[in-house]
Amino acid sequence: MKETRKGMLLVISGPSGTGKGTLVERLLQRDPSFCFSVSATTRERRKNEIDGVHYHFISEEEYDKLEKEDAFLERATVHAHRYGTLKSEVYGRMDRGQNVLLDIDPQGARTVMEKEPNCVSIFILPPSYAELKVRLHTRNTEKPEEIERRLKNARGEIEQMNRYRYLIVNDDLELACDQLFAIVRAEKQNSVRYFPEIGE
Ligand code: 5GP
């Protein structure tokens, strides 16, 4: 039978240093049906980041303007910087049947879960708080005060993990990837996104 399929909205959250970025990259490399929703942020660009690829790096004024124009599906202040998912990164693609991946914090994820109850939400947990500390210090992308802020916020983020449909503990990257791919594989068959064309 013929049917049309709407794209999946996949929401992934987890504290900084859980290896969430690597899992997201692996999924995007492996599965071309997914595209990444590039968020807007007022945070400073890191050396290894590309504007328009990792984020749309914008000024406070540009952010205010987008907010006024109702351009955001969700927005949040995370670790003292502003971030937001642009509707333009999400809805057109989903309507065309493409799957869209959001890497956003639990405040934003909560908004998306309310607005889009059929979204698939996954929380990535680090093996332990001690391990999170080690990972944040060794990846060397943030200044010491930024690392402290992220560690402090991690506890509050982890407390929200039960809002998510799935949980992955990333203490073994290969296993965590397998679990992520398995969730995606099953969710691709979820009937909520299929619309049959029965005909005469
Ligand atoms: P980072 O500054 O390390 O790239 O991201 C910090 C946090 O902000 C991460 O938890 C990331 O998931 C979250 N984040 C990135 N983009 C967005 C967004 O558009 N909305 C929300 N709510 N959080 C975001």
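The written sequence of each chain sets the order in which its residues are numbered from 1. Per-residue local features are limited, in this predicted model, to residues with pLDDT of at least 70; the limit for side-chain atom pairs, both in listing and counting, is 80 or more; totals at the level of whole chains, interfaces and linings are taken over all residues. Water and hydrogen atoms were dropped before computing side-chain values, which therefore reflect all heavy atoms in the structure.

Engineer: With reference to specific residues and values, describe the pairing of strand β8 (residues 99–103).
Structural biologist: Across the 5 residues of β8, 4 count as buried, placing the element largely inside the fold. The pairing of strand β2 (residues 9–13) with β8 spans 4 bridges and is parallel. Bridged to L9 within β8 is V100. Two strands are counted as paired when DSSP detects at least two bridges linking them. Each helix corresponds to a stretch of at least 4 residues labelled H or I by DSSP, and each strand to a stretch of at least 2 residues labelled E; elements are numbered beginning at the N terminus. Bridging between strand β3 (residues 34–36) and β8 involves 3 bridges; their strand directions are parallel. Accessible area is worked out with a 1.4 Å probe on protein chains only. A residue is then buried under 20% of its type maximum, exposed over 50%, and partly exposed in between.

Engineer: Break down the nonpolar core for me, citing the residues and quoting the values.
Structural biologist: Here, the term nonpolar core denotes a set of buried Ala, Val, Leu, Ile, Met, Phe, Trp, Tyr and Cys residues that are joined through side-chain atoms within 4.5 Å. Formed by 18 residues in total, the largest nonpolar core has its most connected members in L10, I12, L27, I122 and L180. Contributing elements (two or more residues each) for this core: β2, α1 (20–30), β9 (120–125) and α7 (173–187). Of the residues forming this core, the biggest block, 6 residues, is contributed by α7. What makes two residues a contact is simply this: any of their non-hydrogen atoms within 4.5 Å. Setting aside chain neighbours within four positions, we find I122 in contact with L10, V11, I12, S13, Y164, Y166, I168, L180 and I183.

Engineer: Please set out the side chain of E187 residue by residue, giving values where relevant.
Structural biologist: The topology assignment puts E187 in helix α7. On the basis of relative accessibility, which here comes to 4%, the residue E187 falls in the buried class. Among residues more than four places away in sequence, those in contact with E187 are M8, V120, R165, Y166 and R193.

Engineer: Can you break down the sheet that holds β8 residue by residue, with the values?
Structural biologist: Reading across from one edge, β3-β8-β2-β9-β10 is the order of the 5 strands in this open sheet, with parallel pairing throughout. In this open sheet, the two edge strands, each paired with only one partner strand, are β3 and β10 (166–169). When strand polarity is set aside, the average angle formed by the axes of neighbouring strands in this sheet is 25°. Lines are fitted to the C-alpha atoms to define the axes, a helix being fitted only along its stretch in contact, and any angle between axes, read from their N-to-C directions, falls within 0 to 180 degrees. The sheet strands contacting α7 are β2, β3, β9 and β10, and the helix crosses β10 at an angle near 160°.

Engineer: Tell me about the environment of R135, and name the residues and values.
Structural biologist: Within the secondary structure layout, R135 lies in helix α5 (residues 129–139). The spacing of R135 and S16 is 119 residues in sequence and 9.0 Å in space, taken between C-alpha atoms. Not counting residues within four places of it along the chain, the set of residues in contact with R135 comprises G17, T18, G19, P127, N170 and D171. In terms of polar contacts, R135 uses its side chain to reach the backbone carbonyl oxygen of T18, at 3.0 Å. Definition of a polar contact: a pair of N or O atoms within 3.5 Å, with one able to donate and the other able to accept a hydrogen when the atoms are protein atoms, and with sequence-neighbouring residues admitted only if both atoms are side-chain atoms.

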